[in-house]
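Structural overview for review
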There are 2 protein chains.
Amino acid sequence: MNSTIETILNHRSIRSFEETKLEDDTIQTLVESAQQASTSSYMMAYSIIGITDEEKKQQLQDVSGHPHVTNNSHLFIMCADYRRLTYDADEKTKENMEKNLENSEHLMTATIDAALAAQNIAIAAESMGLGMCYLGSLRNDIQKVDEILNLPDHVAPLFGIAIGVPAETPEKKPRLPFETVYFENEYKDHEEEIRKFNNQISDYYASRSSNQRQDTWTLQMQRRFQNPIRMDVTDYLKDKGFNRR
Amino acid sequence: MNSTIETILNHRSIRSFEETKLEDDTIQTLVESAQQASTSSYMMAYSIIGITDEEKKQQLQDVSGHPHVTNNSHLFIMCADYRRLTYDADEKTKENMEKNLENSEHLMTATIDAALAAQNIAIAAESMGLGMCYLGSLRNDIQKVDEILNLPDHVAPLFGIAIGVPAETPEKKPRLPFETVYFENEYKDHEEEIRKFNNQISDYYASRSSNQRQDTWTLQMQRRFQNPIRMDVTDYLKDKGFNRR
């Protein structure tokens, strides 16, 4: 196994960091790593906003609810971005393009572009001994994040990445069994394998070093999705010119 | 610079592969790499389908239009998957969960989960000396891909990954300049920098070793989005239980 795969397999989300800031050249290496990811049709349909302003960090933490939004060495926000695609287009061309980019297909394309880029940041950071955690919790109030970042039309925040020198070494969290995630040639239902995984995860929660509890994966999912969450994301996206048709 | 970052920065999409198949343990390492990526709220909201059946590969190539859909050492299809989340839920719980998962927020969550996992496959493969290319072109007929893979409700194909031993060494394609992708604290429009990039990319297209042409990034984007594409993705997703509200 090579060191890259070791880095990948050794991932755990880090939520507690030492009090240091990333050097500018580290930030540049991480962004360049992001940029070298594949991109759909050469669109490069994302922008990355680094937050250094402490007041903005606090506002973002208020949205997210997590202390590692402020307590980190650097905070990136990944945004879907179709805005630059229409720069210098005449009015009619611009109108056509915007209409064509406002479908669900292109919400997906921009989201995929941004996530591929983000994962390059994650792996590059971890390869340097840094730790990271994604922050989907910024979508708890996506409109507010939009305002904090002063985003124009056709730019929308997707998630954050908190990065820093790890101040904790959490256990690796079990993943779904291989045979419930990977299938050959067609989809296969896998209820029995998920039941086995629930037994395994139940042992993990009962025996891990902190936050011990009785739980299974299935029960967690049932609790989490028993009530609607983030229903405002739908209207926000439409308002910004995404996912309209 | 460490070897992981070298691998990341050395990426170029490979579309021509030697005639070899991946070993089972390589496939397993790639899938395990995918699985170790971060996941939103522990949902692991994706499945990966490996295509070994030559007839199915040909059908998928007919959708994509690209010969490297059949000519590769392995083909993965990344799918958004909320199906297993409701296994073993009682009827009322299941109905509630499905309704709550059918919003735009959760199309994004599953898409992000799947793309983070996919990029781990890409980097892991490249770290072994393999090459890869994403296949968003499978969404040219997303319903047809769904049928080929026999996908149930709440599972939808997102994109493919063709992997293999590279039989070509394409040049690295220029990326947008750092200052058009990365901003501090808030979004900044960047028309002038994109014009400079257009000059740079125009030189690249005029001087590269194959497919020389006169072009800019802005003109490419204008041509590509002058007409609607993949408008059927919208209805397909709703039909499968995604992005309904």
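To start, this report covers the structure provided alongside it. (Residues numbered from 1 in each chain as written. Chains lettered and ligands numbered in written order. Predicted model: local features only at pLDDT ≥ 70, side-chain atom pairs only at ≥ 80, totals over all residues. Heavy atoms only, no water.)

**Things to note about the overall build of chain A**
Within chain A, the regular secondary structure consists of ten helices and five strands. A compact globule built from 245 residues should have a C-alpha radius of gyration of about 18 Å, and chain A, at 20 Å, falls within 12% of that. On the principal axes, the C-alpha backbone points of chain A span a range of 60 × 45 × 40 Å. A buried classification covers 61% of the 245 residues belonging to chain A. Intrachain contacts of chain A at a sequence separation of at least 6 include 79% that bridge at least 24 residues. When the accessible surface of chain A is totalled, it reaches about 9500 Å², and 42% of it is carbon and sulfur. (Helix = DSSP H or I, 4+ residues; strand = E, 2+ residues; numbered from the N terminus. Rg over C-alpha atoms; globule rule 2.2 N^0.38 Å. Buried < 20%, exposed > 50% of the residue type's maximum accessible area, 1.4 Å probe, protein only. Contact = heavy atoms within 4.5 Å. Areas by Shrake-Rupley, 256 points an atom, 1.4 Å probe, with all protein chains shown as cover.)

**A look at the side chain of His190(A)**
Checked against the element boundaries, His190(A) lands in the loop between strand E5 (182-184) and helix H8 (191-207). There is a polar contact of 3.0 Å between the side chain of His190(A) and the backbone oxygen of Lys188(A). Here Arg84(B) takes part through its side chain, which lies 3.0 Å from a polar atom of the side chain of His190(A). With residues near it in sequence (within four places) discarded, His190(A) still touches Thr180(A), Phe183(A), Arg84(B) and Tyr87(B). (Polar contact = N/O pair within 3.5 Å; in protein donor to acceptor, adjacent residues only side chain to side chain.)

**Considerations on the environment of Asp81(A)**
If you trace the backbone, Asp81(A) turns up in strand E2 (residues 74-81). When the C-alpha atoms of Asp81(A) and Ser209(A) are compared, they prove to be 42 Å apart, with 128 residues separating the residues in sequence. Beyond its immediate stretch of four places on either side in the chain, Asp81(A) contacts Ala45(A), Tyr46(A), Ser47(A), His154(A), Val155(A) and Tyr187(B). In this structure the side chain of Asp81(A) is engaged in a polar contact, spanning 2.8 Å, whose partner is the backbone nitrogen of Arg83(A).

**Focus on the packing of helix H10 (residues 232-240) of chain A against helix H5 (residues 104-127) of chain B**
Orientation of H10(A) relative to H5(B), taken along the N-to-C sense of each, is 85°, at an axis distance of 7 Å. In terms of axis orientation, H10(A) runs roughly perpendicular to H5(B). Facing H10(A), whose interface residues are Val233(A), Thr234(A) and Leu237(A), H5(B) presents Ser104(B), Glu105(B) and Met108(B). Considered class by class, the residues forming the contact of H10(A) with H5(B) number three nonpolar, two polar and one charged. (Axes fitted to C-alpha atoms, helices over the stretch in contact; angles between N-to-C directions. Parallel < 35°, antiparallel > 145°, perpendicular 65-115°, else oblique. Nonpolar A, V, L, I, M, F, W, Y, C, P; charged D, E, K, R; others polar.)

**Concerning the packing of helix H3 (residues 54-64) of chain A against helix H6 (residues 142-149) of chain A**
Residues and elements named next belong to chain A. Put simply, H3 and H6 touch, their axes get as near as 10 Å, and they point 175° apart. As summarised for this structure, H3 and H6 are arranged roughly antiparallel, according to the angle between their axes. The residues of H6 that touch H3, namely those facing Lys56, Gln59, Leu60 and Val63, are Lys144, Val145 and Ile148. Looking at the contact of H3 with H6 residue by residue, the class counts come to four nonpolar, one polar and two charged.

**Quick word on the relation of the copies chain A and chain B**
In screw terms, the move from chain A to chain B is a rotation of 180° and a rise of 0.0 Å along the axis, fitting with an RMSD of 0.0 Å. A rotation of that kind, with that shift, is consistent with a two-fold axis. The C-alpha atom lying nearest the rotation axis in chain A is that of Thr4(A); the distance is 2.6 Å. Same-surface contact between copies: 100% of interface residues of chain A are shared with the interface of chain B. (Least-squares fit on C-alpha atoms with pLDDT ≥ 70 in both.)

**Some points on H10(A)**
Taken together, the buried positions of H10(A) are occupied by Val233(A), Thr234(A), Tyr236(A), Leu237(A) and Lys240(A). The inward-facing, buried residues of H10(A) abut helix H5 (104-127), H6 and strand E4 (155-164) of chain A together with H5 of chain B. Once H10(A) ends, the next one or two residues include Gly241(A), with phi positive near 100°.

**Some remarks on the interface of chain A and chain B**
Contacts between the two partners involve 116 residues from chain A, matched on the other side by 116 residues from chain B. At the boundary of chain A with chain B, total buried surface from both sides reaches about 10500 Å², with 58% on carbon and sulfur atoms. Connecting chain A to chain B are eight salt bridges. Taking the shortest distance from any N to any O, the salt bridge between Arg139(A) and Glu105(B) comes out at 2.7 Å. At the boundary of chain A with chain B, the tally comes to 81 residue pairs in polar contact (both at pLDDT 80 or more). Top contributing element to the side of chain A that touches chain B by residue count: H5(A), with 15 residues. When the residues that make up the side of chain A that touches chain B are grouped by side-chain class, the tally is 56 nonpolar, 40 polar and 20 charged. As paired strands, strand E1 (residues 46-50) of chain A and strand E5 (residues 182-184) of chain B are joined by three bridges and run parallel to one another. Bridging from a neighbouring strand, Gly50(A) pairs with Glu184(B) of E5(B). (Buried area = accessible area lost by both parts, 1.4 Å probe. Salt bridge = Lys/Arg side-chain N within 4 Å of Asp/Glu carboxyl O. Pairing = 2+ DSSP bridges.)

**Examining the sheet that holds E4(A)**
Read from one edge to the other, the open sheet built from five strands follows the order E3(A)-E4(A)-E2(A)-E1(A)-E5(B), with strand pairing classed as mixed. What marks the edges here is a single partner per strand, and that holds for strand E3 (131-135) of chain A together with E5 of chain B. Recorded for the sheet is a direction-independent mean angle of 25° between the axes of neighbouring strands. Against the sheet, H5(A) touches E1, E2, E3 and E4 of chain A, its axis set at about 10° to E4(A). The strands touched by H6(A) are E1, E2 and E4 of chain A; relative to E4(A), the strand with the most contacts, the crossing angle is about 80°.

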